[in-house]
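# Working through the structure, step by step
So the chains spell out like this:
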Amino acid sequence: MVDAFRTHIMQTKDLGTCPVRQVGGCSFLYMRIMNVYVVAVVSSNANAACAFKFMVETVALFKSYFGGAFDEDAIRNNFVLIYELLDEIMDFGYPQNLSPEILKLYITQEGVRSPFSSKAIDNKPPVNATLQVTGAVGWRREGLVYKKNEVFLDIVESVNLLMSQKGTTLRCDVTGKVLMKCFLSGMPDLKLGLNDKIGLEKEAEVKSRPTRSGKTIELDDVTFHQCVNLTRFTAEKTVSFVPPDGEFELMKYRISEGINLPFRVLPSIKELGRTRMEVNVKVKSVFGAKMFALGVVVKVPVPKHTAKANFQLTSGRAKYNAATDCLVWKVRKFPGQTELTMSAEVELISTMVDKKTWTRPPIQMEFQVPMFTASGLRVRFLKVWEKSGYNTVEWVRYITRAGSYEIRC
């Protein structure tokens, strides 16, 4: 199988065009991380998504043992440990437990760590491994105690947009995830309430009262961490769960309607003969005046035969990047309800050869807006219950980033 993969896939020129290849009667599902190929081989019509998920989780498990490294040296130095882990995480082609927290309870051998590893070794006291593997709450060990009980919750969204030159939205959606970091004693039961339409309607139905006024959103696709009680979510539409200790991803979602765009971009590009071009870009922040965006980058494409560019800016810095053939405008801090402009005179190299018509690629944006969600998703409540009745401190943060934020010019 190794020879077949090397001969038929690694040595071909179209490597990377498709992560699934068939050779003979077998299918190779592969991904490349650093200088290492991770390959799954199946002889039947297996679930490809499950295979790739297994490979991603396996790499994350190896990284947790190797101190964050996953390269050729890490694999060579940890052969014995890798075989031991593979024996535990898959039986007869069926994925088993891939949780680093649980596996470290009974595979206690420490990996040979890279000298460049930044992660500290986690020496947790041993607990009942059998209970962890067979119990109902396998992702959390018992007996956890913290002096200060805290929960950190982040809602991180990526805005994907394609806008026309005149400002008309051609395609728009938001993908988001709810990230949590829990430092809670005992076995707490958490309940999270969001302003999603179905959840609010179900709450009003149960309490026999009208739905509260305010913005509600419809979540199109939702996936949860295994700790979420799906039976309760189906019946009551509330997210209730016993959280793992530390950092984890609680849920992912997608939204395609009612999106508040953080920025509007109005570009104007004029070609003045064969050797000059005029570029004007207006960017307006649509979010609240008290908020601000960080690390705003606007990339305006220009022809390959560009010589230089002269800029006039209302804020930030700009330069011509010959490697990517674009004008790069950077604004460190962009206040809300503000309009900034960039004007540039671009000089082109004159050539005797007739040039092809320049197909204008879209303008691209990068940004991060704290305490703003493009979807309008908000946390209504986060309740923590534990039999000992301790007090907890909850922290909630919202971040919106640019996914594929493109404007045609």
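Everything here concerns the structure above.
These numbers were taken from a predicted model, which means no experiment stands behind them.

## Observations regarding helix α2 (residues 48-66)
Relative to the 27 Å expected for 19 residues at 1.5 Å per residue, α2 spans 27 Å between its end C-alpha atoms, a close match to the ideal helical length. The set of residues buried in α2 consists of A51, F54, M55, T58, V59, L61, F62, Y65 and F66. Looking down the long axis of α2, one finds its buried residues gathered within 160° of arc, a one-sided arrangement. The backbone nitrogen of A49 lies 3.1 Å from a side-chain oxygen of the residue at the head of α2, namely N47.

## Regarding the packing of α2 against helix α4 (residues 79-89)
For the pair α2 and α4, the least separation of the axes is 12 Å and the interaxial angle reads 140°. Taken together, the axes of α2 and α4 are oblique relative to one another. Handedness of the crossing formed by α2 with α4: right-handed. Between α2 and α4, the contacting residues are F54, T58, L61, F62, Y65 and F66 on the first element and L81, I82, L85, L86 and I89 on the second. For the contact of α2 with α4, the per-class residue count stands at ten nonpolar, one polar and no charged.

## Section: the nonpolar core
Residues M180, F241, L250, F263, V279 and L327 are the most contacted members of the largest nonpolar core, which totals 69 residues. Here the element with the most residues in this core is strand β6 (residues 150-163); it accounts for six residues. Counting only domains with at least three residues in this core, you end up with domain 2 (150-258 + 380-404) and domain 3 (263-370). When residues no more than four places from it in sequence are discounted, the contact partners of M180 are V151, F152, L153, L190, F241, G246, E247, F248, L250 and L382. Counting 25 residues, the second largest nonpolar core, distinct from the first, contains M31, V36, M55 and F66.

## Let's talk about the sheet that holds strand β16 (residues 317-321)
With mixed pairing, nine strands are arranged side by side in an open sheet as β9-β11-β7-β6-β21-β19-β14-β17-β16. Sheet topology places β9 (221-224) and β16 at the edges, where each strand pairs with a single neighbour. Strand-to-strand twist in this sheet, taken as the mean axis angle between neighbours without regard to direction, amounts to 15°. Here six bridges tie strand β19 (residues 363-370) to strand β21 (residues 393-407), and the two strands are oriented antiparallel to one another. The residue bridging V369 from the neighbouring strand is T400, located in β21.

Conventions used here
Residues numbered from 1 in each chain as written. Predicted model: local features only at pLDDT ≥ 70, side-chain atom pairs only at ≥ 80, totals over all residues. Heavy atoms only, no water. Helix = DSSP H or I, 4+ residues; strand = E, 2+ residues; numbered from the N terminus. Expected span 1.5 Å × (residues − 1). Buried < 20%, exposed > 50% of the residue type's maximum accessible area, 1.4 Å probe, protein only. Arc of directions from axis to C-beta. Polar contact = N/O pair within 3.5 Å; in protein donor to acceptor, adjacent residues only side chain to side chain. Axes fitted to C-alpha atoms, helices over the stretch in contact; angles between N-to-C directions. Parallel < 35°, antiparallel > 145°, perpendicular 65-115°, else oblique. Left-handed = near helix turned anticlockwise from the far one by under 90°. Contact = heavy atoms within 4.5 Å. Nonpolar A, V, L, I, M, F, W, Y, C, P; charged D, E, K, R; others polar. Core = buried A, V, L, I, M, F, W, Y, C linked by side-chain atoms within 4.5 Å. Domains from an automatic or database assignment. Pairing = 2+ DSSP bridges.

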